[in-house]
Amino acid sequence: MRAIWKGAVSFGLVSIGVKLYSATEEKDIRFHQVHREDGGRIRYKRTCQVCGEEVTYDDIAKGYDLGGGEMVILTDEDFADLPLTTSHAIDVLEFVPAEQVDPILYNKAYFLEPEGAATKPYVLLRDALADSERVAIVKVALRQREQLATLRVREGVLLLNTMLWPDEVRTPDFGFLDEDLKVRPPELAMASSLIDSMAGEFQPDAFTDDYRAALQEVIDAKVEGREVVQPEEEEAAPAAAVDLMAALKASVERARAARGEEPSGGAGEPTPISAARSAQKAAKKAAKAPAKKAPAKKTAKKAEPAKKTAAKKTAEKKAAKAPAKKAGEKKAAPRKTA
């Protein structure tokens, strides 16, 4: 890491020399704007809107728009006389409980490293801060701007968190806040049950940026000349529930099932998930029902021999009568001769 700032933490009459390092880094994949035809980089020129000439950085000043086309121009000399604290000091103002600092105020984080012979007072402040279970509220000037910040301990290192000023946090102004919406106690109890069923210990490493990984895969495939494989689509989010209670119950059951826990419904009132499972079982049984007609075919097959036996007996009777008639015919023949 490269130090981006050097200064001192002013802790009472103690001064601790420190170096400032950015504690975070963005992992977003960045692209350049290029010409589609030949891949050439796109460059932008800084031109004056009035005279049309290209302007260098040395000729650029800061302008404040007054509205109505009027502009006031500020130079470096104007900024030099501002009552800005020294750009190389971190002044500790007070120590407060960490829970009193609203997380929405936090902006960017920096590591502080002791410089030179400041290691011992650095460690002293670090250990005292950790024992007090408080954070230090400080003021620091970074990039020509005075900022409010906190000092706290993280993994044995002092961490500086710059903060937004209170007037930089917007006040929510939404219509539903004025509506008289009441939540029923059973719904609140079921929502609390859902929270309990999804409770866990936060482990940041368990979460990944799937979009960035897929995008990197696309880039790697382009480089290697491979076919780009379409990533699997995630399961679509369920539509907005009409029955809030049913949705809460279903969510609780799904969360418990994901943990391998038994459904809480037991033999009581069926939940939407248990009802759906029962319906699926009934459907499977109904699908198997036609197979029960198979024994009827066997019965029919068994009945066939009986029919064949009756047919044989009938044939035998006919056969027995047939010879008798023939015998009668032979006796009648001599009579005709006489």
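Higher on the page you've got the structure.
Residues numbered from 1 in each chain as written. Predicted model: local features only at pLDDT ≥ 70, side-chain atom pairs only at ≥ 80, totals over all residues. Heavy atoms only, no water.

Looking only at helices and strands, one finds 7 helices and 9 strands in the chain. In the chain, which comprises 338 residues, the proportion classed as buried is 16%. Residue pairs at least 24 apart in sequence account for 58% of intrachain contacts in the chain once pairs closer than 6 positions are excluded. Just so you have it, the chain exposes about 27800 Å², and 55% of that area is on carbon and sulfur atoms. (Helix = DSSP H or I, 4+ residues; strand = E, 2+ residues; numbered from the N terminus. Buried < 20%, exposed > 50% of the residue type's maximum accessible area, 1.4 Å probe, protein only. Contact = heavy atoms within 4.5 Å. Areas by Shrake-Rupley, 256 points an atom, 1.4 Å probe, with all protein chains shown as cover.)

Attention shifts here to the packing of helix α3 (residues 185-197) against helix α5 (residues 244-258). When two helices pack together, their arrangement is given by the angle between the helix axes and by the axis-to-axis distance. Closest axis-to-axis distance for the α3/α5 pair is 9 Å, and the angle between their directions is 20°. Taken as axis vectors, α3 and α5 run roughly parallel relative to one another. In terms of crossing hand, the pair formed by α3 and α5 is left-handed. Residues Pro-186, Glu-187, Met-190, Ala-191, Ser-193, Leu-194 and Ser-197 of α3 form the contact with α5, whose own contacting residues are Leu-244, Met-245, Leu-248, Lys-249, Ser-251, Val-252, Ala-255 and Arg-256. Classifying every residue of the contact of α3 with α5 gives 9 nonpolar, 3 polar and 3 charged. (Axes fitted to C-alpha atoms, helices over the stretch in contact; angles between N-to-C directions. Parallel < 35°, antiparallel > 145°, perpendicular 65-115°, else oblique. Left-handed = near helix turned anticlockwise from the far one by under 90°. Nonpolar A, V, L, I, M, F, W, Y, C, P; charged D, E, K, R; others polar.)

The next subject is the nonpolar core. Counting 21 residues, the largest nonpolar core has Val-9, Val-18, Ile-90, Leu-112, Val-138, Leu-151 and Leu-160 as its most contacted members. Where this core is concerned, the elements lending two or more residues are β1 (5-11), β2 (14-22), β5 (89-97), β6 (106-114), α2 (119-132), β7 (134-142), β8 (145-154) and β9 (157-163). The leading source of residues in this core is β7, at 4 residues. Contacts of Leu-151, omitting those with residues within four sequence positions, involve Val-9, Leu-112, Leu-129, Val-135, Ala-136, Val-138, Leu-159 and Leu-160. (Core = buried A, V, L, I, M, F, W, Y, C linked by side-chain atoms within 4.5 Å.)

A word on the packing of aromatic side chains. One pass over the full model with this rule turns up 3 aromatic pairs. Ring plane angle 85° and centroid distance 6.0 Å describe the contact between Phe-11 and Phe-95, whose orientation is recorded as edge-to-face. Placement of Phe-11 in strand β1 and of Phe-95 in strand β5 is noted, with a sequence separation of 84 residues between them. A ring pair is formed by Phe-202 and Phe-207, whose centres lie 6.0 Å apart and whose planes are at 25°; its orientation type is stacked. Taken individually, Phe-202 and Phe-207 each receive the classification exposed, so the pair is uniform in this respect. We note Arg-46 situated over the ring of Tyr-57; from NZ or CZ to the ring centre the distance is 4.0 Å. Here the basic side chain of Lys-108 rests over the ring of Tyr-110, its NZ or CZ set 5.8 Å away from the ring centre. (Phe/Tyr/Trp six-rings, centres within 6.5 Å; stacked < 30°, edge-to-face > 60°. Lys NZ or Arg CZ within 6 Å of the ring centre and 35° of its normal.)

So, on to the pairing of β8. Here β7 pairs with β8 via 7 bridges, running antiparallel. If you follow Val-138 over to β8, its bridge partner there is Ala-149. Linking two consecutive strands that pair antiparallel, namely β7 and β8, is a turn of 2 residues; a positive phi of about 55° is found at Arg-143 within it. Across 7 bridges, the pairing between β8 and β9 is antiparallel. By the bridge assignment for β9, Leu-148 is matched with Met-163. Taking the residues that link successive antiparallel strands as the turn, the β8-β9 hairpin has 2 residues, and the phi of Glu-155 there is positive, at about 55°. (Pairing = 2+ DSSP bridges.)

Turning next to the pattern of salt bridges. Scanning all chains against the criterion turns up 9 salt bridges. In this structure, the salt-bridge partner of Glu-146 is Lys-139, at a minimum N-O distance of 3.9 Å. The exposure class assigned to Glu-146 is partly exposed, which follows from its relative accessible area of 22%. Close ionic contact of Arg-154 with Glu-155 constitutes a salt bridge, the shortest N to O distance being 3.7 Å. (Salt bridge = Lys/Arg side-chain N within 4 Å of Asp/Glu carboxyl O.)

These figures capture arrangement, not role.
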